[in-house]
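Chain by chain, the residues run as shown.
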Amino acid sequence: MPRNVVVLLDNADGRAMIKDACKASGLLFSEFVELVQAEVEQTGKQRRAGLWDSFDDILDRIQVDE
């Protein structure tokens, strides 16, 4: 399922709003999009092998300053 089913990612205003929120949180927009894509791919499925591995891989790349 394409990520544009997430309406905020499907228009310029929504992307700008998300980019601002990501910047304020220290999260790269591309990483946010990856997390959304992983979740969207699960729509309609109860459980998919490897989902948590995908999240872990993405989250491991995110370095948040504390």
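The structure presented is a predicted model; accordingly, all values stated were derived computationally and were not measured. Think of each chain on its own: its residues are numbered from 1, step by step along the sequence as written. For a predicted model such as this one, the threshold for reporting local features is a pLDDT of at least 70, and the threshold for listing and counting side-chain atom pairs is 80 or more; totals across whole chains, interfaces and linings nevertheless cover every residue. Excluded from the side-chain calculation are hydrogens and water; included are all heavy atoms of the structure.

Chemist: I tried to follow the side chain of Glu31 on my own but got confused; where do I start?
Modeler: As for its position among the elements, Glu31 is in helix 2 (residues 29-40). Residues are treated as being in contact if the distance between any of their heavy atoms lies within 4.5 Å. The residues touching Glu31, leaving out its near neighbours within four places in the chain, are Ile58, Arg61 and Ile62. Think of it this way: any DSSP run of H or I at least four residues long counts as a helix, any run of E at least two long counts as a strand, and we number them from the N terminus.

Chemist: Can you help me understand a negative patch on the surface in this one?
Modeler: Excluding any residue in a salt bridge, patches collect residues exceeding 30% relative accessible area, merging like charges within 9 Å and nonpolar Val, Leu, Ile, Met, Phe, Trp and Tyr side chains within 5 Å. Accessible surface is estimated by sampling points in the Shrake-Rupley manner with a 1.4 Å probe; for residues, cover comes only from the protein chains shown. The term salt bridge refers to a pairing of a side-chain nitrogen on Lys or Arg with a carboxyl oxygen on Asp or Glu at a separation within 4 Å. Positive: Lys, Arg. Negative: Asp, Glu. His and the chain ends are not part of the count. To locate a charge, take atom NZ for lysine, CZ for arginine, CG for aspartate or CD for glutamate. Taken together, the side chains of Asp53, Asp56, Asp57 and Asp60 define an acidic patch exposed on the protein surface. Mapped onto the elements of the fold, Asp53 is located in helix 3 (residues 51-61).

Chemist: Looking at this model, I keep getting lost on helix 2. Mind explaining?
Modeler: A turn of α-helix holds 3.6 residues, and therefore any two residues three or four places apart point the same way. Across its 12 residues, helix 2 extends 16 Å between first and last C-alpha, which sits within 8% of the 16 Å expected from 1.5 Å per residue. Between buried and exposed lies partly exposed: a residue is buried under 20% and exposed over 50% of the maximum accessible area for its type, with that area taken using a 1.4 Å probe on protein chains only. Listed in full, the buried residues belonging to helix 2 are Glu31, Val33, Leu35, Val36, Ala38 and Val40. For a helix, the expected span equals 1.5 Å multiplied by the number of residues minus one.

Chemist: How should I be thinking about the nonpolar core in this particular structure?
Modeler: As a rule of thumb, nonpolar side chains are buried together in soluble globular proteins. What makes a nonpolar core is a set of buried Ala, Val, Leu, Ile, Met, Phe, Trp, Tyr and Cys residues whose side-chain atoms join them at distances within 4.5 Å. Counting residues in each nonpolar core, the largest one holds six residues, listed as Leu9, Ile18, Cys22, Val33, Val36 and Val40. Listed by contribution, the elements that provide at least two residues to this core are helix 1 (12-25) and helix 2. Ranked by the residues each element gives to this core, the list is headed by helix 2, at three residues. Leu35, Ala38, Ile58 and Ile62 belong to the second largest nonpolar core, which has five residues in total.

This is a description of form; function is not addressed.
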